[in-house]
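# Structure assessment
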Amino acid sequence: MPIAGFTRFRKHQVGSQSSLSSNTAATRVLPYRGPIVYNPNRTDPDVDVGSLDPILAPFASAAEVTGTWEGKLAFDDAPYLWNGTIKGGVTPTGATAKTWVWQAASLTSDVFGGVTDQWGDDYSTDIIVGGYGVIDTLEVGFSEDLSAFDVNAGLIYARAELCQSFTGGLVVDATPQWVYGADTEIYVDTVYSSIGSTKWTDTVHSATVNINNNLDQKRFANGSNTRFNLAGFGRGPREILVTLVVAKTSSSVTEACTLDDTPVPNRFLEIKTTSPEIITGSTPYSQSIRVPARLISREDGEIENNTVITLVYRGYYDADLGYAIRTTVVNTLAAL
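Below, the structure is looked at part by part. The structure presented is a predicted model; accordingly, all values stated were derived computationally and were not measured. (Residues numbered from 1 in each chain as written. Predicted model: local features only at pLDDT ≥ 70, side-chain atom pairs only at ≥ 80, totals over all residues. Heavy atoms only, no water.)

### Things to note about the overall build of the protein chain
From N to C terminus, the protein chain includes two helices and 19 strands. In terms of principal-axis extent, the alpha carbons of the protein chain reach across some 75 × 50 × 45 Å. Counting every position in the protein chain, which comprises 336 residues, the buried fraction comes to 44%. A separation threshold of at least 6 residues defines the contact pool for the protein chain, and within that pool the share at least 24 residues apart is 72%. If you sum the accessible surface of the protein chain, you get close to 16900 Å²; carbon and sulfur atoms cover 49% of it. On the protein chain, the mean spot of the 24 positive side-chain charges and the mean spot of the 37 negative ones are 6 Å from each other. (Helix = DSSP H or I, 4+ residues; strand = E, 2+ residues; numbered from the N terminus. Buried < 20%, exposed > 50% of the residue type's maximum accessible area, 1.4 Å probe, protein only. Contact = heavy atoms within 4.5 Å. Areas by Shrake-Rupley, 256 points an atom, 1.4 Å probe, with all protein chains shown as cover. Lys, Arg positive; Asp, Glu negative; His and termini not counted. Charge placed at Lys NZ, Arg CZ, Asp CG, Glu CD.)

Structural data, given as structure tokens:
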């Protein structure tokens, strides 16, 4: 018999979870790498007991459960990222081609989009189940080789259950439709009503979107019936950064030269990916990320024999648009 516990058998199986307290069965395998980490936060009392070595049993406090998803972005997997990062409760429209829209609220608090996350390998009784996982930090973007978008998500879970088992019968999508940098266009506009109009051609080498939700975990002293159970998540100050690595063109240099302008100019960015693969009729797979933003830094560098400029924008809530970030995905996924 081979030794059990092969790393190649590891996988994340997830299912959408609307209730904080009740896990759900998994419905999809996500093509991501990264563990679920359970920290029980057991602490030895810092007291004197007449011994060189510990005698007292440790005391418990609230456990911390975190995880990572790292991999490449496919159109039918994207809703799990935006659902966990921006807001839950989104349902798609359309018969065959499904259109999903996540528009973040800034003046109110959106509902969270949680998942039950089953992670483990072929040792079937050593599966860790993370309950009600939400995404605290997310980085998506493409590099200068214009390959599929990279995904790096940091999750926080309400709890974990150890030594569980997988929901059976699920396999990963063998032929995903990837979100490619090669199919992506970058738009930079100066007027909110023109967002998605002014394309930077032969300019952008790479683009990255970073979202930090700064979430915190809330617990209350309600007696032994709940003990350390999580009561919910609190939203902190959200930070959205968009980083563009650009060649020196008239558009990019003019933009970089606004860094010392007063007042700080508003910009309206769109990172739009349109796949050559058609879902039905004339409708392709697509993804759009729209962010009103302001330029906060430039850094000069080089790619091989050419100079480049790295432009970093910080997202903000724009009252005319009514959002700080809006993502739209067209794919074939009917539900989470």
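Text resumes after the structure shown.
### A closer look at a nonpolar patch on the surface
Nonpolar side chains collect at one region of the surface, where Val-47, Val-49, Ile-55 and Leu-56 lie side by side and expose about 350 Å² of accessible area between them. Take Ile-55: it is sitting in the loop between strand S4 (36-39) and strand S5 (64-72). Ile-55 gets classed as exposed once you look at its relative accessible area, which sits at 57%. (Patch = residues over 30% accessible without salt bridge, like charges linked within 9 Å, V, L, I, M, F, W, Y side chains within 5 Å. Salt bridge = Lys/Arg side-chain N within 4 Å of Asp/Glu carboxyl O.)

### Some points on the pairing of S5
The pairing of strand S3 (residues 32-33) with S5 spans two bridges and is classified as antiparallel. Across the sheet, Tyr-32 pairs through a bridge with Gly-71, a residue of S5. Pairing analysis gives four bridges linking S4 to S5, with the strands arranged antiparallel. Bridged to Tyr-38 within S5 is Val-65. The pairing of S5 with strand S9 (residues 150-156) spans seven bridges and is classified as antiparallel. Directly across from Thr-66, in S9, lies its bridge partner Ile-156. (Pairing = 2+ DSSP bridges.)

### Some words on the packing of aromatic side chains
Inspection of every chain in the model, using the stated rule, returns seven aromatic pairs. Taking 5.7 Å as the distance between ring centres and 5 degrees as the angle between the ring planes, the aromatic pair formed by Trp-100 and Trp-102 counts as stacked. Accessibility assignment for this pair places Trp-100 and Trp-102 in one class, buried. Note on Phe-112 and Phe-233: the rings are 5.8 Å apart at their centroids and 55 degrees apart in plane angle, and the pair reads as tilted. With a gap of 121 residues between them, Phe-112 in the loop between strand S6 (98-103) and strand S7 (114-120) and Phe-233 in strand S14 (residues 232-234) connect regions that are remote in the sequence. Members of the aromatic cluster, connected to one another through ring pairs, are Phe-112, Tyr-132 and Phe-233. When the ring centre of Phe-166 is taken as origin, the NZ or CZ atom of Lys-11, which lies over that ring, is 5.0 Å away. (Phe/Tyr/Trp six-rings, centres within 6.5 Å; stacked < 30°, edge-to-face > 60°. Lys NZ or Arg CZ within 6 Å of the ring centre and 35° of its normal.)

### A closer look at the pattern of salt bridges
With the rule as written, the count across this model stands at nine salt bridges. Of the charged contacts, one joins Glu-239 and Arg-314 as a salt bridge, the two residues approaching to 3.6 Å between their closest N and O atoms. Remark: Arg-314 occurs in strand S18 (residues 306-315) and Glu-239 occurs in strand S15 (residues 239-247); sequence separation between them is 75 residues. On the basis of relative accessibility, which here comes to 38%, the residue Arg-314 falls in the partly exposed class. We note a salt bridge from Asp-300 to Arg-298, for which the minimum N-O separation is 2.6 Å. Relative accessible area serves as the criterion here: at 31%, Arg-298 is assigned to the partly exposed category.

### Some points on the nonpolar core
Counting 60 residues, the largest nonpolar core has Trp-69, Leu-81, Trp-82, Leu-244 and Tyr-313 as the members making the most contacts within it. Core analysis: the second largest hydrophobic core is formed by eight residues, Phe-112, Ala-158, Leu-215 and Leu-230 among them. (Core = buried A, V, L, I, M, F, W, Y, C linked by side-chain atoms within 4.5 Å.)

### Things to note about helix H1 (residues 78-85)
Counting buried positions over the eight residues of H1 gives eight, a clear majority of the element. All of the buried residues along H1 are Ala-78, Pro-79, Tyr-80, Leu-81, Trp-82, Asn-83, Gly-84 and Thr-85.

### Here we look at the environment of Ser-18
Along the chain, the position of Ser-18 falls in the loop between strand S1 (11-17) and strand S2 (28-30). Ser-18 gets classed as exposed once you look at its relative accessible area, which sits at 76%. Between the alpha carbons of Ser-18 and Asn-212 there is a distance of 22 Å; along the sequence they are 194 residues apart.

### Description of the side chain of Thr-258
On the secondary structure map, Thr-258 appears in the loop between helix H2 (250-256) and strand S16 (267-280). Overall, the relative accessible area of 11% leaves Thr-258 in the buried class. One polar contact links the side chain of Thr-258 to the main-chain carbonyl oxygen of Glu-255, over a distance of 2.6 Å. If near-sequence neighbours (up to four positions away) are discounted, Thr-258 is found in contact with Pro-265, Arg-267 and Leu-295. (Polar contact = N/O pair within 3.5 Å; in protein donor to acceptor, adjacent residues only side chain to side chain.)

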